[in-house]
Amino acid sequence: MSSVDTKPERRLEEPPGREPAPARRRSDTVRAFALIRRFHGSNAPFVLGFLMLVFEALTAILEPFPIAYAVDYVTGRKPSLREAGLPAFLANERVETVLVLGLAIILIAAVNKGADSLSEVFLARGGRTLGYNVRVTMYDRLQKLPMAFHDKRRTGDVLTRVTGDVLVVEEFVVASLSNIVASALLLVGSFVVLLTRSPEVALIALVVVPVLALVANWFSLRLKRVSKEQRSKEGDLASTAQEMLSSIRLVQSYGRGHVDLENFSKQSDQSMRASLRIATIQAQFSFVIAVLEGLTIAGVLWLSFWLVDRGSISPGTLVLFVMLIQNMFKPSRKIVSEWYKVGKLIASTERIEELLERQPTVTDTLLSKPAPALEGRLAFHDVTFSYRPEHEEEAESRVVLHDITFSAAPGEVVALIGPSGAGKSSIAQLIPRLYDPDSGTVTIDGMDVRDFTLASLRGQVSLVLQETLLLTGTVAENIAYGIDDPDPARVEEAARLANAHEFIEELPRGYDTVLGERAATLSGGQRQRLAIARAFIRRAPVLVLDEPTTGLDPEAAAQVTEALRSLIDGTTTIIISHDVDLVSCADRILVINDGRIVQEGPPQVLARTSGPYADLFGRATAAGTPGAAPTPGREGPW
Ligand SMILES: Nc1ncnc2c1ncn2[C@@H]1O[C@H](COP(=O)(O)OP(=O)(O)OP(=O)(O)O)[C@@H](O)[C@H]1O
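Residues numbered from 1 in each chain as written. Predicted model: local features only at pLDDT ≥ 70, side-chain atom pairs only at ≥ 80, totals over all residues. Heavy atoms only, no water.

Novice: What is the right way to read the overall build of the protein chain from this model?
Specialist: Each helix and strand counted, the protein chain has 22 helices and 12 strands in total. For the protein chain, buried positions account for 47% of its 638 residues. Restricting the contact set of the protein chain to residue pairs at least 6 apart, pairs at least 24 apart contribute 76%. Just so you have it, the protein chain exposes about 31,200 Å², and 59% of that area is on carbon and sulfur atoms. (Helix = DSSP H or I, 4+ residues; strand = E, 2+ residues; numbered from the N terminus. Buried < 20%, exposed > 50% of the residue type's maximum accessible area, 1.4 Å probe, protein only. Contact = heavy atoms within 4.5 Å. Areas by Shrake-Rupley, 256 points an atom, 1.4 Å probe, with all protein chains shown as cover.)

Novice: Honestly, helix H18 (residues 554-568) in this entry has me stumped. Any pointers?
Specialist: Along an α-helix, residues three or four apart share an orientation, since each turn contains 3.6 residues. The end-to-end C-alpha distance of H18, which contains 15 residues, comes to 20 Å, matching closely the 21 Å that a straight helix rising 1.5 Å per residue would cover. Those residues of H18 lying buried are Ala-556, Ala-557, Val-560, Thr-561, Ala-563, Leu-564, Leu-567 and Ile-568. Packed against the buried residues of H18 are strand E3 (413-417), helix H15 (488-497), helix H17 (524-538), strand E9 (542-546), strand E10 (572-576) and helix H19 (580-583). Positive phi appears at Gly-570, one or two residues downstream of H18, with a value of about 80°. (Expected span 1.5 Å × (residues − 1).)

Novice: I tried to follow the sheet that holds E9 on my own but got confused; where do I start?
Specialist: Whenever strands of a sheet pair, they do so through backbone hydrogen bonds, lying parallel or antiparallel. Reading across from one edge, E6-E9-E10-E3-E11-E12 is the order of the 6 strands in this open sheet, with mixed pairing throughout. This sheet does not close on itself; its edge strands, each paired only once, are strand E6 (461-464) and strand E12 (596-601). Neighbour-to-neighbour, the strand axes of this sheet turn through a mean angle of 20°, independent of strand direction. Taken together, the 5 bridges between E9 and E10 define a ladder with parallel strand orientation. In the sheet register, Leu-543 faces E10, and the bridge partner there is Thr-573. Packing of H17 onto the sheet brings it into contact with E6 and E9, and relative to E6 it is tilted by some 175°. Packed on one face of the sheet, H18 meets E3, E9 and E10 and runs near 155° to E9. (Pairing = 2+ DSSP bridges. Axes fitted to C-alpha atoms, helices over the stretch in contact; angles between N-to-C directions.)

Novice: Help me understand the environment of Asn-593 in this model?
Specialist: Take Asn-593: it is sitting in strand E11 (residues 588-593). Sequence separation of Asn-593 and Pro-612 is 19 residues, and the distance between their C-alpha atoms is 9.8 Å.

Novice: I would appreciate a short explanation of the nonpolar core in the present structure.
Specialist: Soluble, globular proteins show a tendency: their nonpolar side chains are buried together. Core analysis: the biggest nonpolar cluster contains 43 residues, and Val-475, Ile-479, Ile-504, Tyr-511, Leu-530, Ile-532 and Ile-589 have the highest contact counts within it. A per-element tally of this core places H17 first, with 7 residues. If you count residues domain by domain, this core takes at least three from each of domain 2 (367-460 + 540-638) and domain 3 (469-539). Setting aside residues no more than four positions away along its own chain, Leu-530 makes contact with Leu-470, Val-475, Ile-479, Phe-503, Ile-504, Leu-515 and Leu-522. Counting residues in hydrophobic clusters, the runner-up holds 37 residues, among them Ala-60, Ala-205, Ala-216 and Leu-324. (Core = buried A, V, L, I, M, F, W, Y, C linked by side-chain atoms within 4.5 Å. Domains from an automatic or database assignment.)

Novice: Explain the pattern of salt bridges to me, please; I cannot follow it from the model alone.
Specialist: Opposite charge on two side chains allows them to pair when their charged atoms are near. In the structure shown here, the tally under the stated rule is 19 salt bridges. Here Lys-144 and Asp-140 are joined by a salt bridge, their closest N and O atoms 3.1 Å apart. Here Asp-140 and Lys-144 lie together in helix H5 (residues 93-144), a separation of 4 residues that amounts to about one turn. The shortest N-O distance in the salt bridge between Asp-165 and Arg-351 comes to 2.6 Å. Remark: Arg-351 occurs in helix H11 (residues 315-356) and Asp-165 occurs in helix H7 (residues 155-197); sequence separation between them is 186 residues. The pair Asp-165 / Arg-351 is uniform in exposure class, with both members buried. (Salt bridge = Lys/Arg side-chain N within 4 Å of Asp/Glu carboxyl O.)

Novice: Explain the side chain of Glu-547 to me, please; I cannot follow it from the model alone.
Specialist: By the element assignment, Glu-547 lies in the loop between E9 and H18. Of the side chains bearing the opposite charge, Lys-424 lies closest to the buried Glu-547, which forms no salt bridge; the N-O distance is 4.9 Å. Residues in contact with Glu-547, not counting those within four places in the same chain, are Gln-466, Ile-576, Ser-577 and His-578. (Lys, Arg positive; Asp, Glu negative; His and termini not counted.)

Novice: Is there a simple way to explain the site of the ligand in this structure?
Specialist: Among the 14 residues in the neighbourhood of the ligand, the closest are listed as Asp-151, Arg-398, Ser-420, Gly-421 and Ser-426. The separation between an oxygen atom of the ligand and a polar main-chain atom of Gly-421 is 2.8 Å. Separating an oxygen atom of the ligand from a backbone N or O atom of Gly-423 is a distance of 2.9 Å. Compared with its free state, where it exposes 630 Å², the ligand has 65% of that area covered by protein. Top element by residues in the shell around the ligand is helix H12 (residues 424-430). It accounts for 3 residues. Here the residues of the shell around the ligand sort into 5 nonpolar, 5 polar and 4 charged. (Near = heavy atom within 4 Å. Polar contact = N/O pair within 3.5 Å; in protein donor to acceptor, adjacent residues only side chain to side chain. Nonpolar A, V, L, I, M, F, W, Y, C, P; charged D, E, K, R; others polar.)

Novice: How should the confidence of the model for the protein chain be read in this particular structure?
Specialist: Low pLDDT means the predicted coordinates in that region are not meant to be read closely. In the predicted model, the protein chain carries a mean pLDDT of 81, and 89% of its residues have values of at least 70. Under a pLDDT of 50 for its full length, residues 1-25 has, in the predicted model, 46 contacts with residues more than four places off or in other chains. Contacts from residues 623-638, a stretch scored under 50 in pLDDT, to residues over four places away or in other chains number 28 contacts. (pLDDT = per-residue confidence, 0-100.)

Novice: Could you clarify how one ought to interpret the packing of helix H4 (residues 64-74) against H5 in this entry?
Specialist: When two helices pack together, their arrangement is given by the angle between the helix axes and by the axis-to-axis distance. Packing of H4 against H5 brings their axes to within 9 Å, and their N-to-C directions diverge by 160°. The pairing of H4 with H5 is recorded here as roughly antiparallel in orientation. Here H4 runs over H5; the crossing is left-handed. For the pair H4 and H5, contact is made by Pro-66, Ile-67, Tyr-69, Ala-70 and Tyr-73 and by Glu-93, Arg-94, Thr-97, Leu-101, Ala-104, Ile-105 and Ile-108, respectively. Across the contact of H4 with H5, the residue classes break down as 9 nonpolar, 1 polar and 2 charged. (Parallel < 35°, antiparallel > 145°, perpendicular 65-115°, else oblique. Left-handed = near helix turned anticlockwise from the far one by under 90°.)

Novice: What exactly am I supposed to notice about unusual backbone geometry here?
Specialist: Residues apart from glycine generally show negative phi values, whereas peptide bonds are mostly found in trans. One non-glycine residue with positive phi stands out, namely Asp-382, at about 45°. For Asp-382, the location among the structural elements is in strand E1 (residues 378-386). On the basis of relative accessibility, which here comes to 47%, the residue Asp-382 falls in the partly exposed class. A positive phi angle, near 50°, is found at Asp-594, a position not held by glycine. As for its placement among the helices and strands, Asp-594 is situated in the loop between E11 and E12.

Novice: Please explain the packing of aromatic side chains as it appears in this structure.
Specialist: Applying the stated criterion across every chain, the model contains 7 aromatic pairs. A centroid spacing of 4.8 Å and a plane angle of 15° characterise the contact between Phe-380 and Phe-406, whose relative ring orientation is stacked. Remark: Phe-406 occurs in strand E2 (residues 399-408) and Phe-380 occurs in strand E1; sequence separation between them is 26 residues. Accessibility expressed as a relative area gives 4% for Phe-406, which makes it buried. Each member of the aromatic cluster is reached from another via a ring pair, and the members are Trp-218, Phe-219 and Phe-285. In this structure, Arg-310 is placed above the aromatic ring of Trp-306, and the distance from its NZ or CZ to the ring centre is 4.6 Å. (Phe/Tyr/Trp six-rings, centres within 6.5 Å; stacked < 30°, edge-to-face > 60°. Lys NZ or Arg CZ within 6 Å of the ring centre and 35° of its normal.)

Novice: It is not clear to me how the packing of helix H3 (residues 44-62) against H5 should be interpreted in this structure. Could you clarify?
Specialist: At a closest axis distance of 8 Å, the pairing of H3 and H5 adopts a crossing angle of 155°. Put simply, H3 runs roughly antiparallel to H5. Seen along the crossing, H3 lies across H5 with a hand that is left-handed. In contact with Pro-45, Phe-46, Leu-48, Gly-49, Met-52, Leu-53, Phe-55, Glu-56, Thr-59, Ala-60 and Leu-62 of H3, H5 contributes Ile-108, Val-111, Asn-112, Ala-115, Asp-116, Leu-118, Ser-119, Phe-122, Leu-123, Arg-125, Gly-126 and Gly-127. Taken together, the residues of the contact of H3 with H5 break down into 14 nonpolar, 6 polar and 3 charged.

Structure below.
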């Protein structure tokens, strides 16, 4: 599936060795930092963290000075500290000098480490806040994105974005950002000191810097490309694992585990290979940097010896130069290894942004108003609908509903029947605005459902689907889903009305029994009755039942139907079903075929009129198994 920004995928397909244009690279980094700026929350932890990094760099630059002084003092080129103006506090001047220089080394190291630790604490606060903000925003966006997005997305990939990719951004701010900033400060500071002490030696460093930058850039681009590939492979892995776990019954009963395993192993192998390529590139980089470092130190040493012999610098200054050059290489190496994480950061921010940039299409507008308490007068006026692809460039959408017009009076029960794929569920999904029609309107009490705020509309439309969705939580919490602070007496009343009270009482902890994600321990009929209890407690004026008894055995279907009969009593209800028993509860039947209403009328009238409904009704009663009518899609007249 293509996405809002398809560029990342395209770039992955570029022939190996071809680098993306520099302008594009820069904008990638700018975009990554823009995301950090957008979600970072308070500036305080970042400002304090940065201050600590400045302290850390300053103290790191100071570190070689006491050592250089000691060397010059020992070789008789520098006076003792007392001679240099330090007040005397020991009898022995030499011990005094060595002691103070040692203490200075300890103090500088302590301040350096202290600043380092504090910067970590501050940036951790900043980074974790950023992660929290991004995660919550993504979760919120995912809840609001149109069904067209969710229909096509692989859940595992979306999960990896909300968890793994956000963690990459978070970790970058917590760890890598401080390393990059501290290293850059140290690099520049060391160079400035070198320049003030000896322009000749600084010149060597200056020659090395562009070489270092070129090498680093080359390696970081390679690392970026591979790390992006690895992130996408991780998304594939998560999707495959998630799909396998959510369809474990199917996998086991069809004995297809080995095929899935093969697929998973292949993806896992690709992810592992990408990780190994990253490790190899890093090792190559380390080696090249070590050689460059050796060459530079040797060059500085040769030049410094010459300067010492000419009397231009002291041996202590030579030591200072070597340490400063090492000081410059340490951060360069760090910058590059962290720069690789910038590659990872960019890959992850692109994936995060791709989600955040998507706009909910079914959404509240400034003109939306809360729906009043509705009576439930439902009407479709010339509704045409197609499942639109998310992007224009995708294949053209097919119109699945044509000029659908019907109405249901408050409390009226309308059944939609028709072959599989006729468009019945599509009609039902337009009522709570899971999708919006292409043209025409859906109204309740004469008002367009698009004029209501989504929450107030959906709060007055209850859905009971074929597959009951139960969430991790207690039975009571599942029944009261969406209700703040539910009254236990109301929960029990709803369960009684739904014929669910008896079996709930038999559960180990009754209403407090915790159900797992798929509530595998409950039967299909029991799950359906919980869904009906959920609808009872909401008592919405409009009810949509989409194949609520399909897949249940006759006894369970009869229990569910009985519960549904009392639920639909006095409620505007749309029933989609192949179950003649359930359909016979309806006041009116709409027969749908190929996205159109092809027959309409009360069940008793339609049963006596030749046509699709009479065919279905006749066969079901002839079969003598009401409640288990043949599926029209398979055996029916269509
Ligand atoms: N999310 C979707 N994206 C694209 N096309 C879809 C989507 N859902 C359904 N369709 C198509 O829309 C048409 C109508 O589907 P719909 O689910 O409304 O039929 P139905 O009458 O409810 O079928 P069934 O009885 O099998 O549930 C079908 O051709 C189907 O392939």
